[in-house]
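A closer look at the structure
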Amino acid sequence: MRVFLLGGSGILGTAMRATLPADATLLAPGHAALDVTDAAAVDLLVSERRPDWIINCTAYTAVDAAESHEADAMRLNADAPASLGAAARRVGARVLHVSTDYVFGGEGTRPWREDDPVAPLSVYGRTKLAGERNLQASGAEAVIVRTAWLYGAVGKSFPRTMWERAQQGLASRVVADQHGAPTNARDLATWCWALVAREARGVVHASNAGQCTWADVAERVYAAAGKPGLVTRVSSDEYPVPAPRPRYSVLDCARLESLIETPRRSWEAALDEFLSDLKQRSAA
Ligand SMILES: NC(=O)c1ccc[n+]([C@@H]2O[C@H](COP(=O)([O-])OP(=O)(O)OC[C@H]3O[C@@H](n4cnc5c(N)ncnc54)[C@H](OP(=O)(O)O)[C@@H]3O)[C@@H](O)[C@H]2O)c1
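So, here's what we can say about the structure. (Residues numbered from 1 in each chain as written. Predicted model: local features only at pLDDT ≥ 70, side-chain atom pairs only at ≥ 80, totals over all residues. Heavy atoms only, no water.)

On to helix 10 (residues 267–283), then. Relative to the 24 Å expected for 17 residues at 1.5 Å per residue, helix 10 spans 24 Å between its end C-alpha atoms, a close match to the ideal helical length. Taken residue by residue, helix 10 has W267, A270, L271, F274, L275 and L278 as its buried positions. On an axial view of helix 10, the arc spanned by its buried residues comes to 135 degrees, and they lie on one face. For helix 10, the exposed residues set more than 90 degrees away from the buried face come down to Q280 and A283. Residues of helix 10 that are buried make contact with strand 6 (150–151), helix 6 (158–167), strand 9 (183–184), helix 7 (185–197), strand 11 (212–213) and helix 8 (214–224). (Helix = DSSP H or I, 4+ residues; strand = E, 2+ residues; numbered from the N terminus. Expected span 1.5 Å × (residues − 1). Buried < 20%, exposed > 50% of the residue type's maximum accessible area, 1.4 Å probe, protein only. Arc of directions from axis to C-beta. Contact = heavy atoms within 4.5 Å.)

The next thing to look at is the layout of surface pockets. Looking at the second largest pocket, its volume works out to about 280 Å³. If you tally residues by element for the lining of the second largest pocket, the top one is helix 7, at 5 residues. Grouping the constituent residues of the lining of the second largest pocket by class yields 6 nonpolar, 2 polar and 5 charged. (1 Å grid on protein atoms, 1.4 Å probe; cavity = no way out; pocket = protein on both sides within 12 Å on 5 of 7 lines; lining within 4 Å. Points joined across faces, edges and corners; volume = space filled by probe spheres on them. Nonpolar A, V, L, I, M, F, W, Y, C, P; charged D, E, K, R; others polar.)

With that out of the way, let us pick up the packing of aromatic side chains. All chains considered together, the criterion is met by 5 aromatic pairs. Between the aromatic rings of W149 and W214, the centroid separation amounts to 3.6 Å while the plane-to-plane angle is 15 degrees, which identifies the pairing as stacked. With W149 in the loop between strand 5 (141–147) and strand 6 and W214 in helix 8, this residue pair connects regions lying 65 residues apart in the sequence. Like W149, the residue W214 is buried in the burial classification. An aromatic cluster is built from W149, F158 and W214, whose rings are joined through pairwise contacts. A cation over a ring is seen here: R220 above W267, with NZ or CZ 5.9 Å from the ring centre. (Phe/Tyr/Trp six-rings, centres within 6.5 Å; stacked < 30°, edge-to-face > 60°. Lys NZ or Arg CZ within 6 Å of the ring centre and 35° of its normal.)

On to the packing of helix 8 against helix 10. At their nearest, the axes of helix 8 and helix 10 sit 10 Å apart, and the two run at 40 degrees to each other. By the criterion of interaxial angle, the relationship of helix 8 to helix 10 is oblique. Between helix 8 and helix 10 lies a crossing whose hand is right-handed. Residue-level contacts link D216, V217, R220, V221 and A224 of helix 8 to W267, E268, L271, D272, L275 and K279 of helix 10. Grouping the constituent residues of the contact of helix 8 with helix 10 by class yields 6 nonpolar, no polar and 5 charged. (Axes fitted to C-alpha atoms, helices over the stretch in contact; angles between N-to-C directions. Parallel < 35°, antiparallel > 145°, perpendicular 65-115°, else oblique. Left-handed = near helix turned anticlockwise from the far one by under 90°.)

Of all residues adjacent to the ligand, which total 23 residues, the nearest are S9, H31, T61, Y124 and K128. With respect to the ligand, the backbone of I11 contributes an N or O atom lying 2.9 Å from an oxygen atom. Between V98 and the ligand, the recorded distance is 3.0 Å, taken from a backbone N or O atom to an oxygen atom. In the complex, 79% of the free accessible area of the ligand, which totals 910 Å², lies under the protein chains. Among the elements of the structure, helix 1 (11–18), strand 4 (94–100) and helix 5 (123–137) are those that each provide at least two residues to the shell around the ligand. The residue makeup of the shell around the ligand, split by class, is 12 nonpolar, 9 polar and 2 charged. (Near = heavy atom within 4 Å. Polar contact = N/O pair within 3.5 Å; in protein donor to acceptor, adjacent residues only side chain to side chain. Areas by Shrake-Rupley, 256 points an atom, 1.4 Å probe, with all protein chains shown as cover.)

All we've got here are geometric facts, nothing functional implied.
Spelled out as structure tokens, the structure:
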């Protein structure tokens, strides 16, 4: 199986490379080698290499910056999936594309299912939704994996920021009225490879199991760092940021559960493993 991985240096891309199945041959051009917003370059490389799968882990992920950089976010989150889809269709490749819980509006009271109505609140959410739709309209065989609150071995993420602040003994004010479920990139990567093996199609929700608030995550990180008591729980109104976030963005992952063999780990177990890796690295 020839796999064309885009965004291989990011949080998810790094985990995808670390969990590569034995039957996969990887082509993973970095950003410098291939700008995914260059449709002609994408088309040329895809038609030369003729992959079986294109896995798109690129995105404009700076949720707050996207509010003032809509055109950049649109090029990467919405236009690039359209050209990837078109290139894939021309060579008969399948596409695994990654999207977000932020396509939902946040007024829900039960976990969001794949076919629930979307209503993104932010530029990031709107551009990601446009990317889903553009890919679906391209006619390529595609699976779209919506995930949430991602963190992993590399890159900037909320648990890592909390860990670094705890290490420095810094207190943090953290919102306690937004509900979601964090996702360990290694778990997500394993599920993505399982979806590839199953040749899954359509939309699939994927996060670790359970639900919590950002403040719950922060408290767990600070406790693991041996610095409990430094997290103050605040409301979203007390912590203004440029991009509005959904109050409730827990994903219903029943479809994923039906497509993978091992049940999803709880968000606590997955986070604890990440924290123990960080601890070992800072002790080394
Ligand atoms: N992070 C989250 O909390 C979160 C939550 C929900 C959904 N998601 C989704 O999950 C997916 C993976 O996100 P992530 O957090 O792993 O992303 P990330 O860490 O921000 O990585 C993005 C990747 O895209 C590459 N890239 C950026 N612009 C590019 C361009 N023009 N051409 C080629 N490559 C480019 C980056 O390379 P350079 O660094 O070299 O530019 C990097 O490898 C995305 O679809 C994202 O929307 C993320």
